[in-house]
Amino acid sequence: MRPGLPRFVSLAVASAMLVAACSSSSGSAGAGVAPSVPASATPSASAVPVPSGSTEPTTSAVTGRLTIYSGRSEELVGPLIDRFREATGLDVQVKYGSTSEIAATILEEADVSPADVFLAQDAGALGAVAKEGRFAPLPQRVLDLVEPRFRADDGSWLGVTGRARVAAYDTRVLSEADLPTSVLDFTDPKWKGTIGWAPTNGSFQSFVTALRVLRGEAVAKQWLEAMQANEPKVYEGNDAIIMALAAGEIEVGLVNHYYALRQIAEQGESFPVRNHYFAAGDPGALVNVSGVGILKTARNPPAAEAFVEYLVGEGGQTYFAETGYEYPLLAGISLGKDVKPLEEIGSSRFDLSDLDDLESTLRLLQESGVL
């Protein structure tokens, strides 16, 4: 490791090597133009909704090459990036990987990073990169598209979509009344061997960070150790947890809200998995964001700004809401089918920038025997 590099890098890489966070759904981690996405897997680029009056950039607005480092899966964002590429005529290069891997790579590469933009799965990784001074301030006109609680106070990164933490459950063996109002209650021995989680997943790690912020280190450690004693089944990502629920391998899975909704949309209402939301104010009711930042070493800042503006404009926001069932952060965009309104969730209001201490979370996960 390069002398003086933050310990976050070594911890993040170690975590990624343990189970390669989200690797099954992150696409290729290699640099270069993203491989084409099978039409059967995702909508074609031409199918990405771009309503009239959107902020989609024009071909004449930007030129040259744009390099995107994406911690979001190619299956999800590949079609949207293809649409941006077609609209602008830019030479868009994409490096895919897990959010923790990509964040570690950016910190390792430092001033020689070829990345213009970091598209991340969660605010924790964005905050960790921002803390090391790797982002340039975003234009105020773009920041103003998203309400302040979903962006960095210093304007270094911007939320793109919202995602709520839930307990997805197998409707064949449980009803919602069987589930606890707090995620902390899953330490009860009656749940032993029935729960699935993904400890190397960026969203899970951000949840643990939020638990540390909201309830303190001691409570977070106690919860992790008690959960570990309950013998949860470990999966590489949220998609795998949802499919394990459908297969009857587990009864409950700790995931983001949209994974079950996507499967219901694809397979029909008979799909035997539904979401359970925790009580207002509970750490399990966390609403996090996926987000984006522009590297201060970006070679093509105008193209990077155009891409960020595209993500939070009408076209990008409609795509994430209708295709991904995530929460749009641009006002006036309709929610996807069966998505519970944010105001009904009751997430604890705290500064998402406080999720930036990923290093301490990774250390706690390792000390608790979870990683």
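The coordinates are above.
This text gives an overview of the structure that appears in the document. Please read all numbers here as calculations on a predicted model, not as lab measurements.

1. Focus on the nonpolar core
Core analysis: the biggest nonpolar cluster contains 107 residues, and Phe118, Phe186 and Trp223 have the highest contact counts within it. Discounting residues that sit within four places of it in the chain, Trp223 has contacts with Val183, Leu184, Thr187, Trp197, Phe204, Phe207, Leu211 and Leu254.

2. Brief notes about helix α9 (residues 258–267)
Here α9 lies mainly inside the structure; seven of its 10 residues are buried. Those residues of α9 that are buried are in contact with α2 (74–88), β5 (158–170), α8 (238–246), β8 (252–256), β9 (273–276) and α11 (314–324). Immediately beyond the C-terminal end of α9, within one or two residues, lies Gly268, with a positive phi of roughly 100°.

3. A look at the packing of aromatic side chains
As enumerated under the stated definition, the model contains 10 aromatic pairs in all. One aromatic cluster is present, formed by Trp197, Phe204, Phe207 and Trp223 through successive ring pairs. Across from the ring centre of Tyr69, 5.9 Å away, lies the NZ or CZ of Lys95, which sits over that ring. Taking the ring centre of Tyr259 as reference, the NZ or CZ of Arg262 above it sits at 5.4 Å.

4. Quick look at α2
Helix length check: α2, at 15 residues, gives a terminal C-alpha distance of 19 Å against a target of 21 Å (1.5 Å per residue), a fit within 8%. Among the residues making up α2, those that are buried are Glu74, Leu76, Val77, Gly78, Pro79, Leu80, Ile81, Phe84, Ala87 and Thr88. Elements that come into contact with the buried residues of α2 comprise β1 (65–70), β2 (91–96), β3 (117–120), α9, α10 (301–311) and α11. Positive phi shows up at Gly89, right after α2, with a value of about 75°.

5. Examining the pairing of β1
Successive side chains on a regular strand alternate, one facing one side of the sheet and the next facing the other. By the criterion of burial, β1 is predominantly enclosed, with five of the six residues buried. Bridge analysis of β1 against β2 gives six bridges, and the strand direction is parallel. Looking at the pairing, Arg65 lines up with Asp91 of β2. Since β1 and β2 lie parallel, the crossover through α2 that links them has a hand, and here it is right-handed. Pairing of β1 with β3, which is carried by three bridges, proceeds in the parallel orientation. Along β3, the bridge assignment pairs Ile68 with Val117.

6. Quick notes on the pattern of salt bridges
Enumeration according to the criterion identifies 17 salt bridges in this entry. Between Glu305 and Arg141 there is a salt bridge, with its nearest N and O atoms 3.7 Å apart. Remark: Arg141 occurs in helix α5 (residues 140–143) and Glu305 occurs in helix α10; sequence separation between them is 164 residues. Residue classification places Glu305 among the partly exposed residues on the basis of a relative accessible area of 26%. Between Glu326 and Arg262 there is a salt bridge; the shortest N-O distance is 3.0 Å. Here Glu326 is found in the loop between α11 and β11 (327–328), whereas its partner Arg262 is found in helix α9, with 64 residues between them in sequence. Note on accessibility: Glu326 and Arg262 belong to one class, buried. Among the charged side chains, a salt-bridge network with shared partners connects Glu269, Arg274, Lys337 and Asp338.

7. A closer look at the environment of Pro272
Take Pro272: it is sitting in the loop between α9 and β9. Its relative accessible area of 13% is what places Pro272 among the buried residues. For the pair Pro272 and Val173, spaced 99 residues apart in the sequence, the C-alpha separation amounts to 9.6 Å. Excluding residues that lie within four positions of it along the chain, Pro272 makes contacts with Tyr169, Asp170, Thr171, Arg172 and Ala246.

8. Observations concerning unusual backbone geometry
Backbone geometry at Glu231 places phi at a positive 55°, although glycine is not the residue there. With respect to the element layout, Glu231 can be found in the loop between α7 (217–229) and β7 (233–234). At Asp338, a position not held by glycine, the phi torsion is positive, near 70°. Considering the arrangement of structural elements, one finds Asp338 in the loop between β11 and α12 (358–367).

The rules we used
Residues numbered from 1 in each chain as written. Predicted model: local features only at pLDDT ≥ 70, side-chain atom pairs only at ≥ 80, totals over all residues. Heavy atoms only, no water. Core = buried A, V, L, I, M, F, W, Y, C linked by side-chain atoms within 4.5 Å. Buried < 20%, exposed > 50% of the residue type's maximum accessible area, 1.4 Å probe, protein only. Contact = heavy atoms within 4.5 Å. Helix = DSSP H or I, 4+ residues; strand = E, 2+ residues; numbered from the N terminus. Phe/Tyr/Trp six-rings, centres within 6.5 Å; stacked < 30°, edge-to-face > 60°. Lys NZ or Arg CZ within 6 Å of the ring centre and 35° of its normal. Expected span 1.5 Å × (residues − 1). Pairing = 2+ DSSP bridges. Right-handed = clockwise from strand over helix to strand, strands pointing away. Salt bridge = Lys/Arg side-chain N within 4 Å of Asp/Glu carboxyl O.

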